[in-house]
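# Coordinate analysis (summary)
Spelled out from the first residue to the last, the chains are:
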Amino acid sequence: MSNLLWKSLVVSPAVLGATLLLSGTAMATPAAGNAAPNATTEVLTLETQAATEVVKQPEILAQATKDAQVLDQVKRYSNEGQNLQSQVTSVSQFSDVQPTDWAFQALQSLVERYGCIAGYPNGTYRGNRALTRYEFAAGLNACLDRVNELIATATADLVTKQDLATLQRLQEEFSAELATLRGRVDALEARTAELEANQFSTTTKLQGEAIFAYTDSSIANENGVFQDRVRLNLQSSFTGRDMLTTRLSAGNSTGLSLNTGGGAEGKQTFEVGSTGNNNVRLDKLTYEAPIGPAQVYIAASGGQHSDYAAVNNPYFFDKTDGGNGALSTFASENPIYRIGGGSGIALNVPFGQGGGILKPSSLTVGYLASEANNPAAGSGLFDGNYAALGQLNFNVGNRIALAATYVHGYNGADSALFDSGLGLTQPGTTRGLGIVGTNQANSLSTTNASSSNSYGLSAAFRPSDKLSISGFVSYHDVTGFGANDDYEAWSYGVGLALPDFGKKGNVLGIFGGAQPYSFNNNRAGADTPYQVEGFYKYRVSDNISVTPGVIWVTSPGQSSNNDDAFIGTLRTTFTF
């Protein structure tokens, strides 16, 4: 034994300390046995078996082998115990206490009599599997606490001398594990107390997104720009099934002109809602909650149809309208969802059994008004600009989603059709500014109000986990309240996305189609403005992605006299 201690000293002082600890334990155990002649039959039987084994083999060799094994165990446990954040009672690859061991059987007997392990899911102590020494120590600690509780409540007569002797012996044998366990618990309690004292909220989670973007183009007199946008989302849940979203936003981006006279071709998603000067504003305030099988959506400010309606454009659409989907507003979603926005209510109601190929379907209805806060004549929740949406959603199998959408809108004079309810105006004028489409498709009457009826179809098909195909078409019939105010607008597009291209989390996307355009508007040109976009989102980490991309717009302003525009962007998105 002394030779073993000397070798341990040479190898590691920590092992020496563990050896001395176990040596003291080994000496204390017989003493405990002498002090308790009425020990349980299990303990006496074990001691008799141990004595028989010592007679059968050389005593020195057996003791040295046993000491070496114990030292190795304690060293391993000591190293493991340095990680105070590891789970105490997790099952590891080491099963050090077998159901046939005396200690296991002794603890099982104590558990059955005192019910001291109630932390297991079934509330019982099962003796059908091996335990790690840390698991065993956790159970032993629970029994010690229970016995101390009985003694403190003057019910000590319920605890027998034999059980006290068994507990003493178990304490001595598992003293190292108990000490480590209590150290872990103390550290966890301290960390928990610190977190509770400094937690932001018990109901609210903070999420953030910051976008850095460098953009350049082939447009004459347009310089390369470096722009940003930051959004902070406060998401609060009060029942675990509802969600209150409060979003703050700031940005300094401004769109390129493209020589379109107020059009929004090539407009990028991070430009939406930007103040242009990094002023902070309340960007969105919405509440969602289930009512029976239905889901209700209430927007106090900044509501969008795409918040509650299925867009069916995976990998291109980003619900935050920013940094993780397509670059442009056109490729992001069907322009029909950009008609109106603001304050209102929506409901999503499932129906149908969904047997066979056709899965359960749903009906979505919603109403959003962009001037709901203004009590003046011609404004308010019902007299101002509004858009009412109805949509039928169908799923065919697990890989096809379809939606048929209808939107009825009302807009006052000098408004834009596809403005998302933001009320943006063209620089230096009072004319409304859309966020997608040509000026001709957006320009409603300058002197009279208009109503619109829009019809859209969208579909998404995912033949495999590595390929997604989606597309949309929309038709818009605008009726003005004055002479020559009527016109029609069209838009369509199709996209192909390759998720996990090159690396898990990456997305390669290509989207092409026709921006919202009009041929019979009194300012209409004769050419269709096509747009093709390609981007590659590279996931640097869970919180950082870099997306280079190119946008090609033909016939800006619906005129082939305008040069085609090429827009290059390098977008970096940070989420936290």
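Look up a bit, the structure's there.
The shown structure was predicted, so the numbers you read here are calculated from the model rather than taken from an experiment. (Residues numbered from 1 in each chain as written. Predicted model: local features only at pLDDT ≥ 70, side-chain atom pairs only at ≥ 80, totals over all residues. Heavy atoms only, no water.)

## Points about the overall build of the protein chain
- Helices and strands together make up the secondary structure of the protein chain, namely 12 helices and 16 strands.
- Among the 576 residues that make up the protein chain, the fraction classed as buried is 44%.
- The contacts in the protein chain between residues at least 6 apart in sequence include a share of 65% that link residues at least 24 apart.
- Carbon and sulfur atoms make up 58% of the accessible area of the protein chain, which totals about 27,800 Å². (Helix = DSSP H or I, 4+ residues; strand = E, 2+ residues; numbered from the N terminus. Buried < 20%, exposed > 50% of the residue type's maximum accessible area, 1.4 Å probe, protein only. Contact = heavy atoms within 4.5 Å. Areas by Shrake-Rupley, 256 points an atom, 1.4 Å probe, with all protein chains shown as cover.)

## Looking at the side chain of threonine 364
- Note on placement: threonine 364 falls in strand β7 (residues 361–369).
- One polar contact links threonine 364 to asparagine 348, side chain to side chain, over a distance of 3.1 Å.
- Side-chain polar atoms of threonine 364 contact the side chain of asparagine 393, separated by 3.1 Å.
- When neighbours within four sequence positions are excluded, threonine 364 is seen to be in contact with Tyr308, Ala309, Leu347, Asn348, Leu389, Gly390, Gln391 and Asn393. (Polar contact = N/O pair within 3.5 Å; in protein donor to acceptor, adjacent residues only side chain to side chain.)

## Quick notes on the packing of helix α5 (residues 102–114) against helix α7 (residues 161–173)
- Put simply, α5 and α7 touch, their axes get as near as 11 Å, and they point 135° apart. Regarding the angle of α5 to α7, the classification is oblique. Between α5 and α7 the crossing geometry is left-handed. Of the residues in α7, those in contact with Trp102, Ala103, Ala106, Leu107, Leu110, Arg113 and Tyr114 of α5 are Asp163, Thr166, Leu167, Arg169, Leu170 and Glu173.
- Looking at the contact of α5 with α7 residue by residue, the class counts come to 8 nonpolar, 1 polar and 4 charged. (Axes fitted to C-alpha atoms, helices over the stretch in contact; angles between N-to-C directions. Parallel < 35°, antiparallel > 145°, perpendicular 65-115°, else oblique. Left-handed = near helix turned anticlockwise from the far one by under 90°. Nonpolar A, V, L, I, M, F, W, Y, C, P; charged D, E, K, R; others polar.)

## Describing the packing of aromatic side chains
- Counted by the stated rule, this structure contains 19 aromatic pairs.
- When the centroid spacing of 5.0 Å and the interplanar angle of 55° are considered together, the rings of tyrosine 517 and phenylalanine 519 count as tilted.
- One aromatic cluster is present, built from ring pairs that chain together Phe316, Phe330, Phe472, Phe511 and Phe535.
- One residue, arginine 169, lies across the ring of tryptophan 102, its end atom 4.0 Å from the ring centre. (Phe/Tyr/Trp six-rings, centres within 6.5 Å; stacked < 30°, edge-to-face > 60°. Lys NZ or Arg CZ within 6 Å of the ring centre and 35° of its normal.)

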